[in-house]
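# Overview (structure and organization)
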Amino acid sequence: IASTISAEGGQLVSKLTYYKFDKDTVEWKSNSVPTLSLCTEISSDGEACIIGNTKYCMFSSDGQLKYSYDYPSDLVGYSSSGDVTALVQNNSERRSTTLTVISKDKPVDITVNNEYKNVHIKNGKAFIMTDKELITYSPEGKMLATAQLSKEYSDFAVVDDNVFLLSGSFVDGIDFKS
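Each chain carries its own residue numbering, running from 1 in the written order of its sequence. The model is predicted, so local features are restricted to residues of pLDDT at least 70 and side-chain atom pairs to those at 80 or more, both for listing and for counting; the totals for chains, interfaces and linings are taken over all residues. Side-chain metrics rest on all non-hydrogen atoms present in the structure, leaving aside hydrogens and water.

Moving on: the overall build of the chain. Counting its secondary structure elements, the chain contains 0 helices and 18 strands. Radius of gyration (C-alpha) of the chain: 17 Å, near the 16 Å computed for a compact globule of 178 residues. Along the three orthogonal principal directions, the C-alpha set of the chain runs to about 55 × 40 × 30 Å. Scored against the burial criterion, the 178 residues of the chain give a buried share of 41%. For the chain, the accessible area works out to roughly 9800 Å², and carbon and sulfur atoms hold 45% of it. Each helix is a run of H or I in the DSSP string that is no shorter than four residues. Each strand is a run of E no shorter than two, and both are numbered from the N terminus. Taken over C-alpha atoms, the radius of gyration is set against a globule rule of 2.2 Å times the number of residues to the power 0.38. Buried residues are those whose accessible area, probed at 1.4 Å on protein chains only, stays under 20% of the maximum for their type, while exposed residues exceed 50% and partly exposed ones sit between those limits. Per-residue accessibility takes into account occlusion by the displayed protein chains alone, with areas from the Shrake-Rupley method and a 1.4 Å probe.

Right, let's get into the pattern of salt bridges. The salt bridge definition used is simple: a Lys or Arg side-chain nitrogen within 4 Å of an Asp or Glu carboxyl oxygen. Scanning the entire structure with this criterion turns up 6 salt bridges. The partner of Lys23 in a salt bridge is Glu27, with the nearest N and O atoms 3.5 Å apart. Salt-bridge contacts for Lys66 lead to Asp105; the nearest nitrogen and oxygen are separated by 3.9 Å. A residue pair is termed long-range when its members are at least 10 positions apart, and Lys66 in strand E7 (residues 65-70) and Asp105 in the loop between strand E10 (96-103) and strand E11 (106-112) qualify at 39 residues. Residue Asp105 is classed as partly exposed on the basis of its relative accessible area, which comes to 25%. Several salt bridges converge on common partners, so that one network encompasses Glu47, Lys66 and Asp105.

The subject of this paragraph is the environment of Met143. Position of Met143 relative to the elements: it lies in strand E15 (residues 143-148). A residue is classified by how much of its surface remains accessible, and Met143, at 46% relative accessible area, is partly exposed. Once the C-alpha coordinates of Met143 and Gly124 are considered, the two residues, 19 residues apart in sequence, prove to be 13 Å apart. A contact between two residues is defined here by any heavy atoms of the two lying within 4.5 Å. Met143 has contacts with Ile135, Thr136 and Tyr137, leaving out every residue within four places of it along the chain.

A few words now on the sheet that holds strand E3 (residues 26-29). Strand pairing is assigned whenever DSSP identifies at least 2 bridges connecting the two strands. Here 3 strands make up an open sheet; going across it, the order is E1-E2-E3 and the pairing antiparallel. Only two strands of the sheet have a single neighbouring strand rather than two, namely strand E1 (2-8) and E3. Shown here is a sheet whose adjacent strand axes are inclined to one another by a mean of 30°, direction ignored. Across 7 bridges, E1 lies against strand E2 (residues 11-19) in antiparallel orientation. Its bridge partner being in E2, Ser6 is matched across the sheet by Val13. Interaxial angles span 0 to 180 degrees and are taken between N-to-C directions of axes, which are lines fitted to C-alpha atoms, for helices over the stretch in contact.

Quick look at the pairing of E3 now. Both faces of the sheet carry side chains from a regular strand, because those side chains alternate between them. Inspection of the sheet shows E2 paired to E3 by 3 bridges, in the antiparallel sense. From the neighbouring strand, Thr17 faces E3, where its bridge partner is Lys29. A loop of 6 residues connects E2 with E3, the two strands running antiparallel in sequence.

Moving on, we come to the environment of Val108. Within the element layout of this structure, Val108 appears in strand E11. Aside from chain neighbours lying at most four places away, what touches Val108 is Leu99, Thr100, Val101, Pro139, Glu140 and Gly141.

Turning our attention to the sheet that holds E10. Across the sheet, which stays open at both edges, the 4 strands sit in the order E8-E9-E10-E11 with antiparallel pairing between neighbours. Two strands close off the open sheet at either side, each with one partner strand: strand E8 (74-80) and E11. Between one strand axis and the next, the sheet turns through 20° on average, direction left out of account. Taken together, the 7 bridges between E10 and E11 define a ladder with antiparallel strand orientation.

Geometric values such as these leave the question of function open.
Given below as structure tokens:
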């Protein structure tokens, strides 16, 4: 999948083009969607998704727009495996942050109670880090596990049942079964 960005009528638009390395021709091209593509992923079913600056779009395996989700607030973080997508949005007027987990075209909104740090999708689950805790959610939005954080971390990596927490000068590891 190649994602291209252009302008139409003064609006940034993104298009997807699907190639197969064993063929000389393009398999399919999507129509333009009015967003700046930040990330493109492919699901296990061969569907493609775009995480854009203003909306999330899912395309069928033949390039037709299947689903789109307009962000109600400013996008501040995202992660996707193609099958599950996590979008973190911040509404500065209401001083609220929301994690939206999308799986099978069903968005689930979850309120983030502390200062957002980072989000990752791993093994079909959404992991979100705040300044105080690390929480795992199922694709349906159910909280699976949580760990309190006593130090300031900026990022993390999930490996099997372990989470490695990154700080400016050290890395901590914790057992984290979800």
